[in-house]
Amino acid sequence: MTTRRRRTGRTGRTGPLLRLLLAAVPVLALLLAGCADPDGDGAAGARAVPAPAAARSADAAPTPAGTLLVADFGSDTATFVDPARGAVGSVRVGTAPYAVAVGPDGRAWVSTAEGVAEIDTRARTLLRSIPYRSWAGPAGTGEYRGGGMGLALSPDGTRLYVGVNIPGGDGVLEVIDTAKGEVTGAAPIGRRPFDVDVSPDGREVYATGHDSFDVTVVAADGLATRRIQVAPYGTEGGLGSWLKPHYTAVRPGDGRLLLPFEGERLAVVDPATGRVAIEPMTADTHQHGVTIAPDGRLLVVGSGPITKDDRGPSLTVRNPDGSERIYPLGIPHENVALSVDGHTAYVTGGFTRDGSWDGVTLVDLDSGATHRVEAGHRPLGVAVL
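Within each chain, residues carry numbers counting from 1 in the order of the written sequence. Local features in this predicted model are restricted to residues of pLDDT 70 or higher, and side-chain atom pairs are both shown and tallied only at a pLDDT of 80 or more, whereas totals for entire chains, interfaces and linings draw on every residue. By convention in this description, side-chain values take in all heavy atoms of the structure and omit both hydrogens and water.

Trainee: An account of the overall build of the chain is requested, with residue identities and associated values reported.
Mentor: Helix and strand definitions here come from DSSP, where helices need a minimum of 4 consecutive H or I residues and strands a minimum of 2 consecutive E residues; each element is numbered from the N-terminal end. Tallying secondary structure elements over the chain gives one helix and 29 strands in all. Only protein chains enter the accessibility calculation, which uses a 1.4 Å probe; a residue is then buried when its area is under 20% of its type maximum, exposed when over 50%, and partly exposed in between. Within the chain, buried positions represent 52% of all 385 residues. Long-range contacts, defined as pairs at least 24 residues apart, comprise 46% of the intrachain contacts of the chain with a sequence gap of at least 6. For the chain, the exposed area adds up to about 17900 Å²; of that, 53% sits on carbon and sulfur atoms. Note on contacts: a residue pair qualifies if any of its non-hydrogen atoms lie within 4.5 Å across the two residues. Reported accessibility uses the Shrake-Rupley method at a 1.4 Å probe radius. Residues are deemed covered only where the shown protein chains occlude them.

Pasting the structure below:
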């Protein structure tokens, strides 16, 4: 921004007193702006914070299609990853980034412990940070930190839904107007909302409550809620149980919700009736992240064993007919995205528990060949640009 010089007198010089007064004007303006609350509701601190000018400087070249964007759960950045070369740049987004959602307009959204970061993916710059309405405690790190976890965009891109973890209590689904960059609504959901998904028609939102063994169905209009328990092993063990839901995929065609458990059972949930059907799975490993292809193939990340009888980390590709192919991964991973052509899976090494690593594994789904690239610090959420 260019500041015009104010001239005084015929010589263009200013006296000492006038110079002192002029120097105080910007400081006074900042103090007044910080105290302002235009709506009179005391919510000035809940407004989107534009990125500082330094964060807006664009890279020399636009980000090419096919680049990955990963959330660095072990840091405060989101990293751009060339699948062939590894990390090519990063943007500071806030403490402990968790999930990523990408819109067709070149903007991406990253949930963090502090708020939701909005990124211009073409220029690789932070546009603004949007604080949560719900208080989740001081911004922290680690598996149980408060703040944003799963998030998803509405089909038309006008709303962003983010599950906010409230340590020690039930979570909150917050609704963000993507044009205004502010929270416009909230609904109660289950504990530790690992994942948030939206129905194909945009009428419902599904929040997966890890510690409450449930999926909360939220009406997009009005935010009325219904809880569906999803516990194929039961709820014995409570908060200490390993046998909980993690991530959910919405099946194309019929809109059923698919939740894998332990490489042994797939819970198929009808969100309209609340009925849960169980189908067998074959990986026999603790399972976390999922994604689903347009042709109905379900990809599931196996993070590794929780008992001595379990198998190691893997990627399961489950066909619509129930047949599965298991790709061994060797080390823990957390989440997965699929290339546009459907032939390559990108599996993040972040992992919410110990054993994470700083990279992404590329899995060729035709040959089974794998290749690892370095990417960020404990990368968790991932999306293909």
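Next comes the rest of the account.
Trainee: Can you tell me about the sheet that holds strand β27 (residues 359–364), naming the residues and giving the values?
Mentor: Here, strands pair whenever DSSP counts at least two bridges between them. Reading across from one edge, β25-β26-β27-β28 is the order of the four strands in this open sheet, with antiparallel pairing throughout. In the strand order of this sheet, the two ends are held by β25 (336–338) and β28 (370–374), each with one partner. When the angles between neighbouring strand axes are averaged without regard to direction, this sheet yields 25°. Lines fitted to C-alpha atoms define the axes, with helix axes restricted to the stretch in contact, and inter-axis angles between N-to-C directions lie between 0 and 180 degrees.

Trainee: Please provide a residue-by-residue account of the pattern of salt bridges, values included.
Mentor: Every case where a carboxyl oxygen of Asp or Glu lies within 4 Å of a side-chain nitrogen of Lys or Arg is listed as a salt bridge. Enumeration over the complete set of coordinates arrives at 17 salt bridges. Arg 192 is the partner of Glu 143 in a salt bridge, and the nearest nitrogen-oxygen pair spans 3.5 Å. Linking Glu 143 in the loop between β8 (125–131) and β9 (147–153) with Arg 192 in the loop between β12 (182–188) and β13 (193–198), this pair joins segments that are 49 residues apart in sequence. For Arg 192, a relative accessible area of 5% translates into the label buried.

Trainee: Hey, could you go over the pairing of strand β26 (residues 344–348) for me, with residue numbers and the actual values?
Mentor: Most of β26 sits out of view: five of its five residues are buried. Of the two faces of β26, both are covered, the one formed by Thr 344, Tyr 346 and Thr 348 as well as the one formed by Ala 345 and Val 347. Of the strand pairs in this sheet, β25 and β26 are connected by three bridges, and their pairing is antiparallel. Among the inter-strand pairings, Ala 337 is bridged to a residue of β26, identified as Tyr 346.

Trainee: Quick one: what's the story with the nonpolar core, residue by residue and with numbers?
Mentor: Definition used in this section: a nonpolar core is a set of buried Ala, Val, Leu, Ile, Met, Phe, Trp, Tyr and Cys residues joined via side-chain atoms within 4.5 Å. Ranked by internal contacts, the top residues of the largest apolar core, which has 32 residues, are Tyr 98, Leu 160 and Leu 298. At the level of elements, β9, β10 (159–165), β11 (172–177), β19 (265–269), β21 (286–292) and β22 (298–304) are the ones that each hand at least two residues to this core. Non-local contacts of Tyr 98, meaning those with residues more than four positions away in its chain, are made with Ala 71, Phe 73, Ser 111, Arg 145, Gly 148, Met 149, Gly 150, Phe 194, Tyr 247, Thr 352, Leu 380 and Gly 381.

Trainee: Could you give an account of the confidence of the model for the chain, with specific residues and numbers?
Mentor: Close reading of the predicted structure is inappropriate where its pLDDT is low. Within the chain, residue pLDDT values average 88, and 85% of them lie at 70 or more. Segment residues 1–45: pLDDT under 50, and 13 contacts once partners within four positions in sequence are set aside and those in other chains are kept. One confidence number per residue, pLDDT, is output by the predictor and ranges from 0 to 100. Low confidence marks residues 53–60, where pLDDT is under 50. Its contacts with residues over four positions away, or in another chain, come to 12 contacts.

Trainee: Hey, could you go over the packing of aromatic side chains for me, with residue numbers and the actual values?
Mentor: Stacked, tilted and edge-to-face are the three classes assigned to paired rings of Phe, Tyr and Trp, where Trp is represented by its six-membered ring and a pair needs centres within 6.5 Å; plane angles under 30 degrees give stacked, over 60 edge-to-face, the rest tilted. In total, this model carries four aromatic pairs according to the counting rule given. With a centroid separation of 6.1 Å and 80° between ring planes, the pair formed by Phe 73 and Tyr 98 is classed as edge-to-face. With Phe 73 in the loop between β2 (68–72) and β3 (77–82) and Tyr 98 in the loop between β4 (86–92) and β5 (100–102), this pair connects stretches of sequence that are 25 residues apart. The exposure classification of Phe 73 matches that of Tyr 98, with both residues buried. The interplanar angle of 50° and the centroid separation of 6.4 Å between the aromatic rings of Tyr 233 and Phe 261 together place this pair among those described as tilted.

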